[in-house]
Amino acid sequence: MPKTKVPALKNIPNKIDRELKDTLDSMKEAQEIRLGRRGDPLDRAITLRELVDSGLAKQLRSRPFDPNGLTDFIPNDDQVGDLTIPPAPTGLEASGAFTEIIVDWNPAQYSNHAFTEVWRSRDDEIGTATLITTTASFIITDPVGYDQTYFYWVRFVSTSNIRGPFNQTNGTKANTVENIGAVMLQLSEELSNLPGFNLMSTIATAATVIRSSGSPSTRTDSSAIQSNDVWFDTDDGQIYTRNSGNDAWVAARDASLVTLFGSTSFTGSTLSAAMATAQGDIVTVTNAQSSTASSLSSLTTTVTNNNNTLTSSINSEATTRSNADTTLTNSVNSLNSTVGGHTSSISTLNTTTASHTGDLNAMFVLTVATESNGSKSAAGMVVGSNASNGSGAQSFVQFQADKFAIWNDTNASVAPFIVSGGSVFIDSARIQDGAITNARILDGTIQGAKIGTAAITTAKIGDLQVTTAKIQDANITTAKIGNAQITNAKINDLSADKIDAGFLSADRIDSNTITAAKINVTDLVLPTNGGTVTGSSIGNFNNNSKRYAEITTIGTGAGFYQGYVRLVGGNGQVKTIHLLFSDGTVNTTVTSGGTDTAELLDSSSGVVYRTPDIQHLNTSITESRLTSSADTANLPIAFRYTGSGTIKCYMFGQGDANFRQIGSADVRFVKFSAS
């Protein structure tokens, strides 16, 4: 039934009663809203046609539509949707990379699956989760940024829009790694601001030590003195540094000690005098019986200032013990400072042992520690070497620290190697041979990858682009391909009832047999043999001299041949025309007067099919002849051939004078199976 055209509503005339015009305007506005011509389109009325066209309803075709009732209009309940609740997904995994989290799960195992919902939350609480995406695949990539932690859930939705349960109550956790470059920059800044770094930078990059008995005016190499240069006075052992203005030598001092002792009093007129007084604490003990030599020195200074007790001590001990078999030497030095129960200390230990059996050991230990309000921090270094007779030798270096860094340039903004909180950060690494249990790679450029054996239980790929794939043997149970472009496909067994295609190009099908009850096509193109041949190629027909002229080849081998031949007249009369189809060679040099077809064939040739003489389309001419281009002969021809040779089409004729030609011959044949 054709769609009814709804006319436009005319404007209400102005020259009518005002009250009537307002009423008609309201009615027009309501009508235009229902037609969808005014207001929100969601408020327009739905027609019966729209319900039928949408599939929500159907019209009973057995009786005409009644505009006054709905007796022939019912809901479309022919196909009831599958209302089965989808199962809970399984196998959910979430893997964090650098700025993205990859979430995957097992494919749905029910028939009417539509898509999967993916939910996430900062907390392991499904009630706080939000829907982030839906997908028809079974893997997604969630871009969240650096150093992020999320929990994930998924659930299936059917084609009937029925939602199933979540995979489980607890979420699946994943986190991305921190921004390594930013962390290394931050750690480098922290380490470069620690005490001692600036001194190391000064000595390593600028300072030069000059040994001289008098104030030097140039460096040892005669170059100019620079700020932060160091002068060691060989007369009294005093150390001086060049000031920042590079115009004076300043006696080296510890700024903390100056602050601590600069305004305090102690025993003796000067700090040096106080230290000299403490020399009485030095004790030397010699015990010849034990072959032991020891030396001990100590310095302790205690000052009371602002109700605080300030204590500093320097202790050193050197001990050598030996007997007939073993020698042991120890050197211990310690520096301690305490203020109000807050303590800092530096200790060093040097020890060596040697025995007559070849057991050797040498070790240097350095520790620094602080303690304040119950909080302790310590750093240390051990450098050692040992050897044992028959067991070889080894050396070792060990460090203890919250943070450890190696600088290749103390003016650089980022240390190339940092250890912090048990994690190692490397700015640039070159590894000859690496064994990695678990690797997360943000961007990998691999020149050559060699995999001895790869066992992949399940591969889930959201988006795969493969330039060239070579598969020796593939056993695929189910393949779902949205859009496939296949240059060459060889399929051993193809069930045609599984093909649902809008267009199937026949020139891409190479098959010996196609069995089908019905093939519906808009255009069917079959390959043909033959072609159009000009009269000059066919040759002359002379005065009353009959001959066969070869036109073209129409096919090879057994089959059912069907086609046509169209002849067009040319520059004069050609008459006594018929067509011959032969799988042998035709004698085309027949003398004048020859009429028997057998006389025109070699003994090895065979006639496949011969037409009667062609009747001219103009019935006023009784003979079969072509005179001008206005004369044409169109002959549909069909015959069956059981041989294996090549079939050619010949034209038989003669002219009413010499050098007569036809205009052209168009020959087209299709070969079908002989069975």
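Residues numbered from 1 in each chain as written. Predicted model: local features only at pLDDT ≥ 70, side-chain atom pairs only at ≥ 80, totals over all residues. Heavy atoms only, no water.

Draft legend 1. Examining the sheet that holds strand E12 (residues 239-242) more closely. The mixed open sheet is built from four strands, whose spatial order is E10-E11-E12-E13. Strands at the two margins of the open sheet, each flanked by one partner only, are strand E10 (209-212) and strand E13 (249-251). Taking each pair of neighbouring strands and ignoring which way they run, the sheet shows an average axis angle of 30°. Pairing between strand E11 (residues 230-233) and E12: three bridges, direction antiparallel. In the strand pairing of E12, valine 230 is matched with threonine 241. (Pairing = 2+ DSSP bridges. Helix = DSSP H or I, 4+ residues; strand = E, 2+ residues; numbered from the N terminus. Axes fitted to C-alpha atoms, helices over the stretch in contact; angles between N-to-C directions.)

Draft legend 2. Spotlight on the pattern of salt bridges. Scanning all chains against the criterion turns up 12 salt bridges. Salt-bridge contacts for glutamate 32 lead to arginine 38; the nearest nitrogen and oxygen are separated by 2.8 Å. With a relative accessible area of 13%, glutamate 32 lands in the buried category. A salt bridge links arginine 155 to glutamate 117; the shortest N-O distance between them is 2.6 Å. Of this pair, arginine 155 sits in strand E8 (residues 149-158) while glutamate 117 sits in strand E5 (residues 113-121); the two residues are 38 residues apart in sequence, bridging distant segments of the chain. The two residues arginine 155 and glutamate 117 agree in class, both being buried. Residues joined by salt bridges that share partners form a network here, namely Glu29, Glu32 and Arg38. (Salt bridge = Lys/Arg side-chain N within 4 Å of Asp/Glu carboxyl O. Buried < 20%, exposed > 50% of the residue type's maximum accessible area, 1.4 Å probe, protein only.)

Draft legend 3. Local environment of a nonpolar patch on the surface. Judged by side-chain polarity, Ile514, Ile519, Val521, Leu524, Leu526, Phe560 and Phe672 come together as a nonpolar surface patch covering roughly 670 Å² of accessible area. If you trace the backbone, phenylalanine 560 turns up in strand E27 (residues 559-568). (Patch = residues over 30% accessible without salt bridge, like charges linked within 9 Å, V, L, I, M, F, W, Y side chains within 5 Å. Areas by Shrake-Rupley, 256 points an atom, 1.4 Å probe, with all protein chains shown as cover.)

Draft legend 4. View of the nonpolar core. Of all hydrophobic cores here, the largest spans 27 residues; its most connected members are Leu567 and Phe581. For this core, the secondary structure elements donating two or more residues are strand E26 (547-556), E27, strand E28 (574-582), strand E31 (632-641), strand E32 (646-655) and strand E33 (664-672). Per-element accounting of this core gives the leading share, five residues, to E31. Residues within four places of leucine 567 in sequence aside, it is in contact with Ile577, Leu579, Ile614, Leu626, Asp631, Thr632, Ala633, Met651, Ile662, Ser664 and Ala665. (Core = buried A, V, L, I, M, F, W, Y, C linked by side-chain atoms within 4.5 Å. Contact = heavy atoms within 4.5 Å.)

Draft legend 5. Looking closely at the sheet that holds strand E3 (residues 93-96). Taking strand neighbours across the sheet as the criterion, the three strands line up as E3-E4-E7 in an open arrangement whose pairing is antiparallel. Sheet topology places E3 and strand E7 (139-143) at the edges, where each strand pairs with a single neighbour. Each adjacent strand pair in this sheet contributes to an overall mean axis angle of 20°, direction not counted. Note: strand E4 (residues 100-104) against E7, five bridges, orientation antiparallel. Note that in E7 the partner of aspartate 104 across the bridge is isoleucine 139.

Draft legend 6. Focus on the confidence of the model for the protein. Per-chain confidence: the protein averages 78 in pLDDT, with 72% of residues scoring 70 or above. Mean pLDDT across the elements of the protein bottoms out in strand E14 (residues 283-287) (39) and peaks in E8 (96). Per-residue pLDDT stays below 50 along residues 254-269; that stretch engages in 15 contacts with residues further than four places along the chain or on separate chains. Under a pLDDT of 50 for its full length, residues 278-292 has, in the predicted model, 21 contacts with residues more than four places off or in other chains. (pLDDT = per-residue confidence, 0-100.)

Draft legend 7. Quick look at the pairing of E4. Sheet topology note: the E3/E4 ladder contains four bridges and is antiparallel. Bridging across to E4, alanine 94 finds its partner in valine 103. The turn linking E3 back onto E4 is made up of three residues.

Draft legend 8. Expanded view of the side chain of threonine 611. Here threonine 611 lies in the loop between strand E29 (607-610) and strand E30 (625-626). Owing to a relative accessible area of 3%, threonine 611 belongs among the buried residues under this scheme. For threonine 611, the side chain forms a polar contact with the main-chain nitrogen of leucine 579, separated by 2.9 Å. Leaving out residues up to four positions away in the same chain, threonine 611 has contacts with His578, Leu579 and Ile637. (Polar contact = N/O pair within 3.5 Å; in protein donor to acceptor, adjacent residues only side chain to side chain.)

Draft legend 9. Representation of the packing of aromatic side chains within the structure. Evaluated as defined, the whole model comprises 14 aromatic pairs. Ring geometry for phenylalanine 399 versus phenylalanine 404: centroids 4.9 Å apart, planes at 45°, classification tilted. Take phenylalanine 399: its relative accessible area is 48%, and that puts it in the partly exposed class. What links up through ring pairs into an aromatic cluster is the set Tyr561, Phe581, Tyr609, Phe639 and Phe669. Residue placement shows arginine 547 over the ring face of phenylalanine 541; its charged tip is 4.8 Å from the ring centre. (Phe/Tyr/Trp six-rings, centres within 6.5 Å; stacked < 30°, edge-to-face > 60°. Lys NZ or Arg CZ within 6 Å of the ring centre and 35° of its normal.)

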